[in-house]
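Results of the structural survey
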Amino acid sequence: MKNYTSFERNKWAKLAPKNKVNITKEELANIKSLGDVVDLTDVHEIYTSLISYLYLVYQQKKNAQKAQIEFLHKDFKPAPFIIGISGSVAVGKSTTARLLQLLLKRTYPDLKVHLMTTDGFLYPNEELQRRDLMPRKGFPESYNMTMLSDFLSDVLSGKEDIVYPLYSQELSDIVPGKYGHVKNPDVLIIEGINTLQLPESGQVVTSDFFDFSIYIDADEDLIEKWYMQRFKKALKLNKDKPNNFYYEMANGPLDDALKLAEETWQMVNLVNLREYIAPTKERASLILHKTNGHLIDRIYLRHI
């Protein structure tokens, strides 16, 4: 892959600092998404090296901001270090995002780290229905990209308290009247399928706001397998939860539910991956490639 240095897993692991981060199996279990796989070996062989590299880039930005302030003789609030995490549905973005947040806090306790998802910038289901976009939910046009760009502009401007909509996986919709808050973090992690996508003509490119970006990659057939496995687990877990999005499917014919999931993968998620998500892969600063069992077997680091 052009413009990237490729590392096999064992070679990347050798870059890790000797001092291991103290994280327990229980903590990993608490941050792991449904159907995802991650263990302490992954932490020590993949993520400790990544955290060390992220902190190096973070320090470079802080030094550049300090030099700019000194040169301009003008004091201003330094912008947060923004990390974007992208990849397909069911590839493990949320687990990676939460793990990075935990490791950054544990390794560098002075850092204030905030994590959020771009799901909150989806239009509410009612608005998607009004625009006849429910079958395209997750595609670029289903997101309020103007709101997301304005939000990121506020982050970079040093605004004290920035609110953003919250999305509920249980409801599969925006939560009315509830908002998240970004209050001057040192590091802001933003996870979502659209973090690296090119917007419609005339709009700001979201990835231009990021200081570092990560794309989680895997073969299509594996991602489909993980998606279906996750769907089956979601049915089992929500069989007795009437307010959950999966409740009716979980209590109906299993074959009908699985057929719907397969159709959703083929007609929505796979199309979205091929047309809008995968083409952004080489915009990322780093690519984590996964194989069977969510095992990260190769890392690609973009040349500086």
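Residues numbered from 1 in each chain as written. Predicted model: local features only at pLDDT ≥ 70, side-chain atom pairs only at ≥ 80, totals over all residues. Heavy atoms only, no water.

**Quick notes on the pattern of salt bridges**
Inspection of every chain in the model, using the stated rule, returns twelve salt bridges. Across the pair arginine 131 and glutamate 127 runs a salt bridge, and its minimum N-O distance is 2.6 Å. Using a relative accessible area of 39% as the deciding quantity, one classes arginine 131 as partly exposed. For aspartate 217, the salt bridge goes to lysine 281, with nearest N and O atoms at 3.2 Å. On the criterion of sequence distance, the pair formed by aspartate 217 in strand β7 (residues 212–217) and lysine 281 in the loop between α9 (254–277) and β8 (286–291) is long-range, its members being 64 residues apart. What emerges from the salt-bridge pattern is a single network uniting Arg9, Asp42 and Glu45. (Salt bridge = Lys/Arg side-chain N within 4 Å of Asp/Glu carboxyl O. Buried < 20%, exposed > 50% of the residue type's maximum accessible area, 1.4 Å probe, protein only. Helix = DSSP H or I, 4+ residues; strand = E, 2+ residues; numbered from the N terminus.)

**With respect to α9**
In this model α9 runs just 30 Å from its N-terminal to its C-terminal C-alpha over 24 residues, more than 12% under the 34 Å that 1.5 Å per residue would give. When the local axis directions of α9 are compared, the greatest deviation, roughly 40°, occurs at tryptophan 265. Inspection of α9 places Ala257, Ala261, Trp265, Val268, Asn269, Leu270, Asn272, Leu273 and Ile277 among the buried residues, and these make up the whole buried set. (Expected span 1.5 Å × (residues − 1). Bend = angle between axes of the 7 residues up to and from the residue.)

**Section: the packing of helix α3 (residues 40–72) against helix α4 (residues 93–107)**
Direction vectors running N to C along α3 and α4 enclose 65°, while the axes themselves pass 10 Å from each other. On the basis of their axis angle, the class for α3 and α4 is roughly perpendicular. Note on packing geometry: the crossing formed by α3 with α4 is right-handed. Of the residues in α4, those touching α3 at Val43, Tyr47, Leu50, Ile51 and Leu54 are Thr96, Leu99, Leu100, Leu103, Leu104 and Thr107. Considering only residue class, the contact of α3 with α4 consists of nine nonpolar, two polar and no charged. (Axes fitted to C-alpha atoms, helices over the stretch in contact; angles between N-to-C directions. Parallel < 35°, antiparallel > 145°, perpendicular 65-115°, else oblique. Left-handed = near helix turned anticlockwise from the far one by under 90°. Contact = heavy atoms within 4.5 Å. Nonpolar A, V, L, I, M, F, W, Y, C, P; charged D, E, K, R; others polar.)

**Let's talk about the packing of aromatic side chains**
Applying the stated criterion to the full structure yields eleven aromatic pairs. Taken together, a centroid distance of 5.8 Å and an interplanar angle of 90° make the contact between tyrosine 58 and phenylalanine 81 edge-to-face. Here the residue tyrosine 58 occupies a position in helix α3, and phenylalanine 81 occupies one in strand β2 (residues 81–87), the gap between them amounting to 23 residues. Comparing tyrosine 58 with phenylalanine 81, the two get one shared label, buried. Among the aromatic residues, those joined into a cluster by ring pairs are Tyr55, Tyr58, Phe81 and Tyr108. Seen from the ring of tyrosine 123, arginine 131 lies directly overhead, with NZ or CZ sitting 4.2 Å from the centre. Geometry around phenylalanine 139 places arginine 136 over its ring, the cationic atom sitting 3.8 Å from the centre. (Phe/Tyr/Trp six-rings, centres within 6.5 Å; stacked < 30°, edge-to-face > 60°. Lys NZ or Arg CZ within 6 Å of the ring centre and 35° of its normal.)

**Considerations on the sheet that holds β2**
Pairing is mixed in the open sheet, where seven strands are placed in the order β1-β9-β8-β7-β2-β6-β3. Strands with a single pairing partner mark the edges of an open sheet, and in this sheet they are β1 (4–8) and β3 (113–117). For this sheet, the mean angle separating the axes of adjacent strands, direction not counted, is 20°. The pairing of β3 with strand β6 (residues 187–191) spans five bridges and is classified as parallel. Residue threonine 117 lies in a different strand from β6, and its bridge partner there is glutamate 191. (Pairing = 2+ DSSP bridges.)

**Looking at the side chain of asparagine 244**
Structurally, asparagine 244 can be placed in the loop between α7 (220–237) and α8 (247–250). At 2.8 Å, the side chain of asparagine 244 and the backbone nitrogen of tyrosine 246 are in polar contact. Sequence-distant contacts of asparagine 244, that is, excluding residues within four places in its chain, are made with Glu170 and Asn238. (Polar contact = N/O pair within 3.5 Å; in protein donor to acceptor, adjacent residues only side chain to side chain.)

**Concerning the side chain of threonine 95**
The residue threonine 95 is located in helix α4 in this model. If near-sequence neighbours (up to four positions away) are discounted, threonine 95 is found in contact with Ile31, Lys32, Ser33, Asp36 and Val38.

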